[in-house]
Amino acid sequence: MPIIKSKYSKRPWYFLNGHFETIVPSLFYDAGAIPYERERLELPDGDFLDLDWIREGNKRLIVLSHGLEGSSDRHYIKRPAAFFSKKGWDILAWNNRSCSGEMNRLPRFYHHGATEDIAAVIERGFVEGYEEVVLMGYSMGGGMQQKYLGERMPDERIVGAISFSVPCNVQNSADMLKIGANKIYENRFISKLKGKVLEKSEKMEMPVDLDVVRKVKNFKELDEAFTLKVHPEYKDANDFYTRITSDQFLSNIKIPLLIVNAVNDPMLGEPCYPVDLAEKSKNIYLEMPKKGGHVGFTIPGSRWSYMELASERFIDEVIFSPQTLAKHH
């Protein structure tokens, strides 16, 4: 499809650049209390996922997938949960392993390509009898759902997907986090993940050298010291990044998918904007606002961000358009 001309332009005046747009909402935005009901989903490998529901008896479900070291409690998840639960949708916001406030049981955590977990979550949603499901993913969660949709033939009840600030090319995003001020994001992620590895090592036997883990300073070092040790199916870091990245699966997606990646996103480089593919695809819609930062897209004076408004418009105008419904049903 043609590249979508973005309707997002007016950020708050004091958001001077993409870093402000990324950091300020992350640190200071409060989406308020959300009436989640928590359910623990037991997994076949002995681990678990914590799911947070808003059930209103609707036949339509939105599945919300958070980003790296996020959770269902992050503002960018709680906000669409509140927005769409008032518009005829039930909500399923799920937490990756170790992200719900309770450490998971196995040595492994999660990663961009771990689609077995999002698949289990979606299957749990189907058990409730929903007739129409839309997937919404943010940052890593967007990449995970894109890979899920592209590597398998999804159930016809999944009618569309929407993703924001997606590192469509994981290697490129990792490279971007090494540049200049972008290091602040990598340092924050690495600090949190190292802490989790060390916390977990106090409770279970871990196939890692903890002295090496303590010294890691970037994602490649952490993946070599930890991730590859608990995921031996990957030969090395390059093999890991190559196989988990979502851009190679986008051309396989058979339902409408919206990707909204801001041009000034500090965590994304050129390979994370699949312009050529979007121009040729019948299902991939790419929107590239000049501003927005990473999972920011703040609207001055509004409770909502541009992400909720863009999602609603895409659902109404594309996913549930007569042409799309005729094609997919």
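Residues numbered from 1 in each chain as written. Predicted model: local features only at pLDDT ≥ 70, side-chain atom pairs only at ≥ 80, totals over all residues. Heavy atoms only, no water.

## As for the packing of aromatic side chains
Given two aromatic rings, one states the distance between the centres and the angle between the planes to describe the pair.
Move 1: Going through the model one piece at a time under the given rule, you end up with 17 aromatic pairs.
Move 2: Considering the side-chain rings of Tyr285 and Phe314, the 5.2 Å spacing of their centres and the 75° angle between planes classify their relative orientation as edge-to-face. One end of the pair, Tyr285, is in strand β8 (residues 284–287); the other, Phe314, is in helix α11 (residues 306–319), and 29 residues separate them in sequence. Across the pair, exposure class does not vary: Tyr285 and Phe314 are buried alike.
Move 3: Each residue in the set Tyr8, Tyr76, Tyr138, Phe164, Phe297 and Tyr306 is aromatic and connected to the rest through ring pairs, giving one cluster.
Move 4: Just above the ring of Tyr29 sits the side chain of Arg79; from NZ or CZ to the centre is 4.6 Å.
Move 5: Over the ring of Phe83 we find Lys87; its NZ or CZ atom is 5.0 Å from the centre of that ring. (Phe/Tyr/Trp six-rings, centres within 6.5 Å; stacked < 30°, edge-to-face > 60°. Helix = DSSP H or I, 4+ residues; strand = E, 2+ residues; numbered from the N terminus. Buried < 20%, exposed > 50% of the residue type's maximum accessible area, 1.4 Å probe, protein only. Lys NZ or Arg CZ within 6 Å of the ring centre and 35° of its normal.)

## What to know about the sheet that holds β8
Move 1: Taken in spatial order, the 8 strands of this open sheet run β1-β2-β4-β3-β5-β6-β7-β8, and their pairing is mixed. Among the strands making up the open sheet, the edge pair consists of β1 (37–42) and β8. Adjacent strand axes in the sheet meet at a mean angle of 20°, parallel and antiparallel pairs treated alike.
Move 2: Taken together, the 5 bridges between strand β3 (residues 60–65) and strand β4 (residues 90–95) define a ladder with parallel strand orientation. Residue pairing in the sheet places Ile62 in a bridge with Ile91 of β4.
Move 3: Helix α4 (residues 140–151) rests against β3, β4, β5 (132–138), β6 (158–164) and β7 (257–260) of the sheet, and its axis sits at about 135° to β5. (Pairing = 2+ DSSP bridges. Axes fitted to C-alpha atoms, helices over the stretch in contact; angles between N-to-C directions. Contact = heavy atoms within 4.5 Å.)

## A look at helix α8 (residues 219–230)
Move 1: Spanning 12 residues, α8 covers 15 Å between terminal C-alpha atoms, matching the ideal 16 Å at 1.5 Å per step.
Move 2: In this structure, the buried side of α8 is in contact with α6 (183–201), α7 (210–215) and α9 (237–244).
Move 3: By the N-cap criterion, in which a side-chain oxygen at the helix start approaches the backbone nitrogen of a residue two or three places on, α8 is capped by Asn218, the distance to Lys220 being 3.2 Å. (Expected span 1.5 Å × (residues − 1). Polar contact = N/O pair within 3.5 Å; in protein donor to acceptor, adjacent residues only side chain to side chain.)

## Here's the deal with the pairing of strand β2 (residues 48–54)
Move 1: The element β2 is largely enclosed, with a buried count of 7 among its 7 residues.
Move 2: Residues Phe48, Asp50, Asp52 and Ile54 of β2 are buried on one face, and the alternating residues Leu49, Leu51 and Trp53, pointing to the opposite face, are buried as well.
Move 3: As judged from the 6 bridges shared by β1 and β2, these two strands associate in the antiparallel manner. In the strand pairing of β2, Glu39 is matched with Leu51.
Move 4: The hairpin turn running from β1 into β2, its antiparallel successor, is 5 residues long, and Gly46 in that turn takes a positive phi close to 95°.

## Structural notes on the nonpolar core
Move 1: Counting residues in each nonpolar core, the largest one holds 62 residues, and the members touching the most others are Leu135 and Ile158.
Move 2: When residues in this core are grouped by element, the largest group, 6 residues, is from α8.
Move 3: When residues no more than four places from it in sequence are discounted, the contact partners of Leu135 are Val63, Ile122, Gln145, Tyr148, Leu149, Ile158, Gly160, Ala161 and Ile162.
Move 4: Ranked by size, the runner-up nonpolar core spans 35 residues in total, among them Ala81, Phe83, Ala93 and Tyr306. (Core = buried A, V, L, I, M, F, W, Y, C linked by side-chain atoms within 4.5 Å.)

## Side note on the layout of surface pockets
To find leftover empty space, a probe the size of one water molecule is rolled over the atoms.
Move 1: If you add up the space inside the largest pocket, you get close to 800 Å³.
Move 2: As for the largest pocket, its lining consists of 43 residues, of which Gly67, Leu68, Glu69, Phe189 and Phe219 are closest to the centre.
Move 3: Elements with a contribution of two residues or more to the lining of the largest pocket: α1 (18–28), α2 (75–85), α5 (170–176), α6, α8 and α9.
Move 4: Broken down by element, the lining of the largest pocket gets its largest block of residues, 7 residues, from α6.
Move 5: Broken down by class, the residue content of the lining of the largest pocket amounts to 26 nonpolar, 12 polar and 5 charged.
Move 6: Space inside the second largest pocket adds up to approximately 160 Å³.
Move 7: Lining the second largest pocket, in full, are Ile4, Lys5, Lys7, Leu258, Tyr285, Glu287, Tyr306, Ala310, Arg313, Phe314, Glu317 and Val318.
Move 8: Looking at the lining of the second largest pocket, the elements with two or more residues in it are β8 and α11.
Move 9: With 6 residues, the top contributor of residues to the lining of the second largest pocket is α11.
Move 10: Classifying every residue of the lining of the second largest pocket gives 7 nonpolar, no polar and 5 charged. (1 Å grid on protein atoms, 1.4 Å probe; cavity = no way out; pocket = protein on both sides within 12 Å on 5 of 7 lines; lining within 4 Å. Points joined across faces, edges and corners; volume = space filled by probe spheres on them. Nonpolar A, V, L, I, M, F, W, Y, C, P; charged D, E, K, R; others polar.)

## Looking at the side chain of Asp239
Move 1: By secondary structure assignment, the location of Asp239 is in helix α9.
Move 2: Within the structure, the side chain of Asp239 is placed 2.9 Å from the backbone nitrogen of Lys235, a separation counted as a polar contact.
Move 3: Those residues in contact with Asp239 that sit more than four places away from it in its chain are Glu233 and Tyr234.

## Description of unusual backbone geometry
One can expect most non-glycine residues to show negative phi and most peptide bonds to be in trans.
Move 1: For Glu69, which is not a glycine, the phi torsion comes out positive at approximately 55°.
Move 2: If you trace the backbone, Glu69 turns up in the loop between β3 and α2.
Move 3: Of the residues examined, Glu69 reaches a relative accessible area of 9% and is grouped as buried.
Move 4: Here Phe297, not a glycine, exhibits a phi torsion of approximately 55°, which is positive.
Move 5: Secondary-structure assignment places Phe297 in the loop between β8 and α11.
Move 6: On the basis of relative accessible area, Phe297 is assigned to the buried category, the value being 0%.

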